[in-house]
Amino acid sequence: MNCSSCNKAMENGGLYVRGLGGSFFWSVNKNIPWFSRRDLNQIDLGKISLVRTGAQAVIESWRCTCGLITFKAKYVD
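These notes cover the structure that comes with them. (Residues numbered from 1 in each chain as written. Predicted model: local features only at pLDDT ≥ 70, side-chain atom pairs only at ≥ 80, totals over all residues. Heavy atoms only, no water.)

Phi is positive for asparagine 7, close to 70°, though the residue is something other than glycine. Relative to the helices and strands, asparagine 7 is located in the segment before β1 (11-18). Positive phi, normally seen in glycine, also occurs at aspartate 39, with a value near 65°. For aspartate 39, the location among the structural elements is in the loop between β2 (23-26) and β3 (41-44). Residue class for aspartate 39 comes out exposed when judged on its relative accessible area of 52%. (Helix = DSSP H or I, 4+ residues; strand = E, 2+ residues; numbered from the N terminus. Buried < 20%, exposed > 50% of the residue type's maximum accessible area, 1.4 Å probe, protein only.)

Have a look at this one:
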């Protein structure tokens, strides 16, 4: 896969998310207070992890030397 930022080849690997949180949240709004879920799209890590989640999720991802890391969020609710 080539980087969408600099077009260099990206390295495939695993993004390790550790802790008891089972989700990422995403929004176009960059000023949502920490206690609010309004305008947030939930990405359930249990649905995209390569291993069964518990204390960590492992998500297939790609990393570029420019610093961009990307992954596919197959199940955005």
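Applying the stated criterion across every chain, the model contains 2 aromatic pairs. With centroids separated by 5.9 Å and ring planes inclined at 85°, the aromatic side chains of tryptophan 34 and phenylalanine 35 adopt a geometry described as edge-to-face. (Phe/Tyr/Trp six-rings, centres within 6.5 Å; stacked < 30°, edge-to-face > 60°.)

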